[in-house]
Amino acid sequence: MIEGVKVKKLLKHCDDRGFFMELVRDDEFLLSRFGQASMSMSYPGVIKAFHYHEKQDDVWFFPSGNAQVVLYDLRENSKTKGQTDVYYMGEDNPMVLVIPTGVAHGYRVLGQKPATIIYFTTESYDPNHPDEKRIAWDDPMIGFKWTTKNR
């Protein structure tokens, strides 16, 4: 696992009314501080990759749909610099993923329905000084193949 990345498997409390799940708690120390909560939806097959931040950590959660999430460690002083990790997240595998500053991240929507992502950040978005550094989805440095392999 890339240094500093945290995965929290989620526990569903189910009954005849539905279910309840805790995502992020202040006593888990997943975030160093709270900046913003946001939500986005992407259609099947869409790839949203790659970007990274110089100031903020992200916490990702997919409440509906499913996604292939790819992380790539760009940090010069990291023991895992240059490492790629892949996570399969969403309604079929509910988890929270903490993505540290300096780790490039992106996802591909899997299946036949849209995926919704809810994410928390340690900084609020500043449109005058956005902390969004982009890398192409097919960048040769990362070299990730966004295809489903038949096994």
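Thresholds applied
Residues numbered from 1 in each chain as written. Predicted model: local features only at pLDDT ≥ 70, side-chain atom pairs only at ≥ 80, totals over all residues. Heavy atoms only, no water. Phe/Tyr/Trp six-rings, centres within 6.5 Å; stacked < 30°, edge-to-face > 60°. Buried < 20%, exposed > 50% of the residue type's maximum accessible area, 1.4 Å probe, protein only. Helix = DSSP H or I, 4+ residues; strand = E, 2+ residues; numbered from the N terminus. Salt bridge = Lys/Arg side-chain N within 4 Å of Asp/Glu carboxyl O.

> How would you sum up the packing of aromatic side chains? Please name residues and give values.
Where two aromatic rings form a pair, the distance of their centres and the angle of their planes describe that pair. Scanning the entire structure with this criterion turns up 5 aromatic pairs. Both rings, one in Trp60 and one in Phe62, keep their centres 6.2 Å apart while their planes meet at 85°; by these two values the pair is edge-to-face. Taken individually, Trp60 and Phe62 each receive the classification buried, so the pair is uniform in this respect. Ring centres 5.1 Å apart and planes at 80° place the aromatic pair Phe62 and Tyr107 in the edge-to-face group. Of this pair, Phe62 sits in strand β6 (residues 58-64) while Tyr107 is found in strand β10 (residues 103-110), placing the two residues 45 residues apart along the sequence. We classify Phe62 as buried; its relative accessible area is 1%. A connected cluster of aromatic rings, assembled from ring pairs, spans Phe50, Phe144 and Trp146.

> Account for the pattern of salt bridges, with residues named and values stated.
Summed over the entire model, instances satisfying the criterion amount to 10 salt bridges. A salt bridge links Asp15 to Arg17; the shortest N-O distance between them is 2.3 Å. Among the residues examined, Asp15 registers a relative accessible area of 37% and is labelled partly exposed. A salt bridge links Arg33 to Glu123; the shortest N-O distance between them is 3.4 Å. Of this pair, Arg33 sits in the loop between β3 (18-20) and β4 (36-42) while Glu123 sits in the loop between β11 (115-121) and β12 (133-134); the two residues are 90 residues apart in sequence, bridging distant segments of the chain. Judged by its relative accessible area of 46%, Arg33 is partly exposed. Judged by relative accessible area, which is 29%, Glu123 ranks as partly exposed. Through salt bridges with shared partners, a single ionic network connects Glu22, Arg25 and Asp27.

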